[in-house]
Amino acid sequence: MKRQASKAGTDTDRPALTDMGIPRGSMAVERVNPTLRQLALEQLKRAIVEGQLPPGSRLVERKLCDLLDVSRTIVRETLGQLEAEGWITKEPYKGPIVAVIDEDGIRQIFEMRAAVEGYVAALCAERATIEQIERLDVTVKAMNEAQISGDVGAQIETIEEFYEVLLDAAQNSLMASYLSSQRSRLARLRRLSLSHSSRASESTEEKRGILAAIRNRDPKKAQALAEQHIWNSSKSLLAAIRRDL
């Protein structure tokens, strides 16, 4: 009788298994809203992208607590995430600073962009629907209006919309996932590139050419123009960085 009681007690204490054979609750996630930490992370990324925190800026925990109105614990966690993603670096005796964009890093990013976005443009020329081509036309017109008015923020938004339509038309979820993961980083680079005197108007004209190749169902030309657009952007960005040195 004692043995049976002991065995029954053991069975009762054993956690129930899921249909995957794993104890129920053993991989439970923490039930907290993605509130303060996530919001603080997005806010600091936005400040970096928009130039409120330019490259080389020191990030002092106490000041960030005041700016974000959050605890030091949240600030530290946020800074750790930003460092892991490459947005900030830690300098000896200085602490965390906004990462400086170096030429080698730019080269690597734009090499990847040329390879991916060029092929996306080619796929778009082959697969885009009439409706998607018209949406591209609308975004290019909105981009031109933003450029004429000198609204860099609006121009960046329309550029992002342009690529969203391209990616939808290309019908390649892996490429879309990669470019989506780079969205904030690319927005930062675009802002720097478009700050160059004539780059904003040139960028719009280049996208108008890409659109024409897509409309004509010419994947080779669309890819070549998209790749050239990326290299032109990289040259403009490097010129802007060297100018500010």
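It should be emphasised that the depicted structure is a prediction, and the values quoted were computed from it without experimental measurement.

Caption draft 1: How the structure looks around the pattern of salt bridges. The full count for this structure, using the stated rule, is 14 salt bridges. The salt bridge partner of Lys45 is Glu85, with a shortest N-O separation of 2.7 Å. Of the two residues, Lys45 sits in helix H2 (residues 36-49) while Glu85 sits in the loop between helix H4 (72-84) and strand E1 (88-91), which places them 40 residues apart along the sequence. Given the relative accessible area of 17%, Lys45 is considered buried.

Caption draft 2: Spatial organisation of the packing of H2 against H4. The geometry of H2 relative to H4 is characterised by a closest axis approach of 9 Å and an angle of 55° between their N-to-C directions. Comparing the axis directions of H2 and H4 gives the class oblique. The crossing of H2 and H4 is right-handed. Contacts from Leu36, Arg37, Ala40, Leu41, Leu44 and Lys45 of H2 reach H4 at Ile74, Glu77, Thr78, Gln81 and Leu82.

Caption draft 3: Just the nonpolar core, in detail. Within the largest apolar cluster, 60 residues are counted, with the highest numbers of intra-cluster contacts made by Leu136, Phe162, Leu166 and Ile214. Ignoring any residue separated from it by four or fewer positions in sequence, one finds Phe162 in contact with Leu136, Thr139, Val140, Met143, Lys207 and Ile210.

Caption draft 4: Inspection of empty space enclosed by the protein at higher detail. What the rule picks out here adds up to two cavities of 30 Å³ or more. Looking at the largest cavity, its volume works out to about 110 Å³. Along the walls of the largest cavity sit 14 residues, with Arg113, Arg190, Ser193, His229 and Ser233 positioned nearest its centre. Of all elements in the fold, only helix H5 (103-127), helix H7 (152-170), helix H9 (183-194), helix H10 (199-215) and helix H11 (219-244) reach the threshold of two or more residues within the lining of the largest cavity. Counting residues per element, the lining of the largest cavity draws most heavily on H9, which supplies five residues. Its residues assigned to classes, the lining of the largest cavity comprises six nonpolar, four polar and four charged. Estimates place the volume of the second largest cavity at around 50 Å³.

Caption draft 5: Geometry of the environment of His229. For His229, the location among the structural elements is in helix H11. Since its relative accessible area comes to 3%, His229 is described here as buried. Between the C-alpha atom of His229 and that of Ala114, which follows or precedes it by 115 residues, the distance is 8.4 Å. Sequence-distant contacts of His229, that is, excluding residues within four places in its chain, are made with Tyr163, Arg199, Ser203, Glu206, Lys207 and Ile210. Within the structure, His229 has its side chain in polar contact with the side chain of Lys207 (distance 2.9 Å).

Caption draft 6: Quick peek at the layout of surface pockets. Considered as a void within the structure, the largest pocket measures approximately 300 Å³ in volume. If you go around the largest pocket, you meet 13 residues; those closest to its centre are Arg46, Val49, Glu50, Ser184 and Ala187. Residue classes in the lining of the largest pocket are distributed as three nonpolar, two polar and eight charged. There is about 250 Å³ of room inside the second largest pocket. Lining the second largest pocket, in full, are Gly86, Trp87, Ala99, Val100, Ile101, Asp102, Gly105, Ile106, Ile109, Arg185, Arg188 and Leu189.

Caption draft 7: Summary view of H10. Compared with an ideal rise of 1.5 Å per residue, which puts 17 residues at 24 Å, H10 spans 24 Å between its outermost C-alpha atoms and is within 8% of the ideal. Those residues of H10 that fall on the buried side of the exposure criterion are Arg199, Ala200, Ser203, Thr204, Glu206, Lys207, Ile210, Leu211, Ala213 and Ile214. Phi turns positive, to about 60°, at Arg217, one or two residues after H10.

Caption draft 8: Main features of unusual backbone geometry. The backbone phi angle of Tyr93 is positive, close to 70°, even though this residue is not glycine. Residue position: Tyr93 is located in the loop between E1 and strand E2 (95-98). Of note, the phi angle at Arg217 is positive, near 60°, even though the residue is not glycine. Tracing the backbone shows Arg217 in the loop between H10 and H11. You can call Arg217 partly exposed: its relative accessible area is 36%.

Cut-offs used in this document
- Residues numbered from 1 in each chain as written.
- Predicted model: local features only at pLDDT ≥ 70, side-chain atom pairs only at ≥ 80, totals over all residues.
- Heavy atoms only, no water.
- Salt bridge = Lys/Arg side-chain N within 4 Å of Asp/Glu carboxyl O.
- Helix = DSSP H or I, 4+ residues; strand = E, 2+ residues; numbered from the N terminus.
- Buried < 20%, exposed > 50% of the residue type's maximum accessible area, 1.4 Å probe, protein only.
- Axes fitted to C-alpha atoms, helices over the stretch in contact; angles between N-to-C directions.
- Parallel < 35°, antiparallel > 145°, perpendicular 65-115°, else oblique.
- Left-handed = near helix turned anticlockwise from the far one by under 90°.
- Contact = heavy atoms within 4.5 Å.
- Core = buried A, V, L, I, M, F, W, Y, C linked by side-chain atoms within 4.5 Å.
- 1 Å grid on protein atoms, 1.4 Å probe; cavity = no way out; pocket = protein on both sides within 12 Å on 5 of 7 lines; lining within 4 Å.
- Points joined across faces, edges and corners; volume = space filled by probe spheres on them.
- Nonpolar A, V, L, I, M, F, W, Y, C, P; charged D, E, K, R; others polar.
- Polar contact = N/O pair within 3.5 Å; in protein donor to acceptor, adjacent residues only side chain to side chain.
- Expected span 1.5 Å × (residues − 1).

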